[in-house]
Amino acid sequence: MKTMNSYCRERYGKKLYKLSLDGGFTCPNRDGTKGYDGCIFCSASGSGDFAEKGGDVYSQIERAKKRVEHKNKGGGYIAYFQAFTSTYAPIKRLRELFYEAIDHPDIDVLSIATRPDCLPEETLELLEELNKIKPVWVELGLQTSNRETAEYIRRGYENEVYEKAVSELHKRSIYVITHMIIGLPGEDITDMKDTLSFIIKNKSDGVKLQLLHILKDSGLYTEYLNGKVKALEKKEYLAVLEELLPLIPETMAVHRLTGDGDKRKLVSPLWSADKKDVLNSVNALVKRLERENEYIFRPIKKEEIPQMFSIILDRMKWMDKVGIRQWNVTYYDEVYPIEYYEEHRLAGEVFVLEKKADGSIAAAAVLKNEDERWENVSCYRERSAFYLHNFASVIGEKGAGSVFLSLAEKYAKSVGKECLRLDSADDNEKLSAYYTEKGYRAVGHCVDGLYSGTLREKQL
Ligand code: SF4
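Residues numbered from 1 in each chain as written. Predicted model: local features only at pLDDT ≥ 70, side-chain atom pairs only at ≥ 80, totals over all residues.

A. Region of interest: the overall build of the protein. Helix and strand counts for the protein stand at 15 helices and 16 strands. Here the C-alpha coordinates of the protein stretch approximately 85 × 50 × 40 Å along the principal axes. Contacts spanning at least 24 positions in sequence make up 78% of the contacts within the protein whose residues lie at least 6 apart. (Helix = DSSP H or I, 4+ residues; strand = E, 2+ residues; numbered from the N terminus. Contact = placed C-beta atoms within 7 Å.)

Okay, structure coming up:
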């Protein structure tokens, strides 16, 4: 995934820090042109809670620089007009403000947050002129492509206005970043995917995925008090990101994956106030998705069956070596001979993890539709499941097992299964702990010949 940092390093050769500025603007949703109440999610400071206030642009830049100077090791700065609609002023005023920012010697990029319906021809011409001096980014608050939601949040313009704005900015070689909100009232994952597809279709250069915050001084707060809206739980938010991030093309930079609302105003979700924890969770998710993207999860081919059997045999030898007593002491290769895998392949139940880099197989397993070992477990018929068996990764393929498991869960979910079930040998504490950590709870027990194991289930 291309992040803002990786984009800046690639494009400008260094990391850039954003200096949030306030140009003293208002917006058409607040001054009566389109409305007085503002967008339903927007704070009284026009979503510029962290922007410098007061003084001229130069002194705002100097003050903002002081806040990040200690972190900045050879990076540059972006002058970011964040508060309200930062192109909503007479052209003369815009010219003064933007030139003051772009003329500052420490500024590398000028970034302007605005609405697509506040980009008249003369403003576009000014931005084009500025873009020839230093790069100009324009950030457009689309938030959603769902027309009903757009009306509910009082956005105040049609999707077509956004489409035209992106096209006009691109004609002038201006870099466009689009903001979308995750978790808007009434929206499900399909709506959010639709919004992202709309942004991608319009070739926005970057995207900001902002978690919906309910702030005390926003219209949403009343809705929240009346029980009409609810913010996402952390788990739900991460699940949405997990669905959205793989859709973002490599060419599009992700400029934000979280949103850090002003803690003093934040009503919900309170978990989002723990910025460090949110960042750690998001980074872990991104890392996992990047890892998953190195592989293809697919059904095994007939000619690959001997290879899968070899992976199993290698695992048995490895168990001897590291002192694990499992497949190597239960005649596993005789109980599950090579014909067993071919039989299940014909039933469409054998899957492999293929490395995109060289096409080799990194892990494999059988995903059965039924498992008689589970017949005495109370939840057996309650939920539809896949049963993971004969699961092995190539020795030395670090992390391939985890990736297989994660992709098998996604596959199971995509074909309508409600859970993935597996079992772990009772005397293999390490493996039991591993599955517990992956969310597989113990729900039963089984004995099969010399094997005694714990039956585990993860709801998807
Ligand atoms: S989000 Fe932008 S357009 Fe909407 S009320 Fe806030 S400042 Fe105005």
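B. View of the sheet that holds strand E12 (residues 361-368). Reading across the sheet, the seven strands line up as E10-E11-E12-E13-E14-E16-E15 and stay open at both edges, with mixed pairing between neighbours. Across the chains shown, the open sheet's two edge strands, defined by having one partner strand only, are strand E10 (295-299) and strand E15 (441-448). Neighbour to neighbour, the strand axes of the sheet diverge by 30 degrees on average, direction disregarded. Relative to E12, strand E11 (residues 350-355) is paired through five bridges, and the arrangement is antiparallel. (Pairing = 2+ DSSP bridges. Axes fitted to C-alpha atoms, helices over the stretch in contact; angles between N-to-C directions.)

C. Geometry of unusual backbone geometry. Look at the link from Ser 268 to Pro 269: it is a cis peptide, with omega at 0 degrees. By secondary structure assignment, the location of Pro 269 is in the loop between strand E9 (266-268) and helix H10 (275-292). Even without a glycine there, the phi angle at Phe 84 is positive, about 55 degrees. Secondary-structure assignment places Phe 84 in the loop between strand E2 (76-81) and helix H3 (91-102). Phe 84 sits in the buried class, given 27 other C-beta atoms within 10 Å. A positive phi angle, near 60 degrees, is found at Ser 173, a position not held by glycine. Structurally, Ser 173 is set in the loop between helix H6 (159-171) and strand E5 (175-182). (Buried ≥ 20, exposed ≤ 12 C-beta atoms within 10 Å, placed from the backbone.)

D. Quick look at the sheet that holds strand E8 (residues 253-256). Read across the sheet, seven strands follow the order E1-E2-E3-E4-E5-E6-E8 without closing on themselves; strand pairing throughout is parallel. Both outer strands of the open sheet, strand E1 (16-21) and E8, are each paired with one neighbouring strand and no more. Shown here is a sheet whose adjacent strand axes are inclined to one another by a mean of 25 degrees, direction ignored. Strand direction decides the pairing type here: strand E4 (residues 136-143) and E5, joined by six bridges, are parallel. Residue pairing for E5: Leu 140 is matched across the bridge by Thr 178. The strands touched by helix H2 (residues 57-68) within the sheet are E1, E2 and strand E3 (107-114), with E1 carrying the most contacts at an inclination of about 130 degrees. Across the sheet, H6 lies against E4 and E5, angled at about 170 degrees from E4, the strand it touches most.

E. Molecular detail of the pairing of strand E16 (residues 451-459). Across seven bridges, the pairing between strand E14 (residues 419-425) and E16 is antiparallel. Bridge pairing in E16 places Ser 424 opposite Thr 454. The pairing of E15 with E16 spans seven bridges and is antiparallel. Within E16, the residue paired with Arg 441 across the bridge is Glu 457. Between E15 and E16, which pair antiparallel one after the other, the connecting turn spans two residues, and Gly 449 there sits at a positive phi close to 60 degrees.

F. Summary view of the domain arrangement of the protein. Each domain of the protein was delimited in the assignment, giving domain 1 (4-292) and domain 2 (295-459). Relative placement of domain 1 and domain 2: their C-alpha centres are 44 Å apart. (Domains from an automatic or database assignment.)

G. Representation of helix H4 (residues 121-131) in the model. Turning to H4, its buried residues are Thr 123, Leu 127 and Leu 130. All buried residues of H4 project into a common sector of 60 degrees when viewed along the axis, lining one side. For H4, exposure combined with an orientation more than 90 degrees from the buried face picks out Glu 121, Glu 122 and Glu 125. The elements touched by buried residues of H4 are H3, E3 and E4. (Arc of directions from axis to C-beta.)

H. Region of interest: helix H9 (residues 234-244). All of the buried residues in H9 are Tyr 237, Leu 241 and Leu 244. Buried residues in H9, looked at end-on, bunch into an arc of 70 degrees, giving them a common side. Packed against the buried residues of H9 are E5, helix H7 (189-201), strand E6 (206-211) and H10.

I. Examining the packing of H2 against H3 more closely. Two elements in contact, H2 and H3, have axes separated by 9 Å at closest approach and are oriented at 40 degrees. It follows from the interaxial angle that H2 and H3 lie oblique. The two elements H2 and H3 meet at a crossing, and its hand is right-handed. Residues Val 57, Tyr 58 and Ile 61 of H2 lie in contact with H3, whose contacting residues are Leu 97, Glu 100 and Ala 101. The class makeup of the residues in the contact of H2 with H3 is five nonpolar, no polar and one charged. (Parallel < 35°, antiparallel > 145°, perpendicular 65-115°, else oblique. Left-handed = near helix turned anticlockwise from the far one by under 90°. Nonpolar A, V, L, I, M, F, W, Y, C, P; charged D, E, K, R; others polar.)

J. Broad picture of the environment of Glu 122. Along the chain, Glu 122 falls in helix H4. In this structure Glu 122 comes out as exposed when scored by C-beta crowding, with 12 C-beta atoms within 10 Å. A C-alpha to C-alpha distance of 60 Å links Glu 122 and Ser 384, two positions 262 residues apart in sequence.

K. Examining the nonpolar core more closely. By size, the foremost hydrophobic cluster in this structure holds 73 residues, and its most contacted members are Leu 21, Ala 79, Ala 101, Leu 110 and Val 138. No other element matches E5, which puts six residues into this core. Once residues within four sequence positions are removed from consideration, Ala 101 is found in contact with Leu 21, Val 57, Ile 61, Ala 79, Ile 107 and Leu 110. Core analysis: the second largest hydrophobic core is formed by 34 residues, Ile 300, Tyr 341, Ala 408 and Leu 420 among them. (Core = buried A, V, L, I, M, F, W, Y, C linked by C-beta atoms within 7 Å.)

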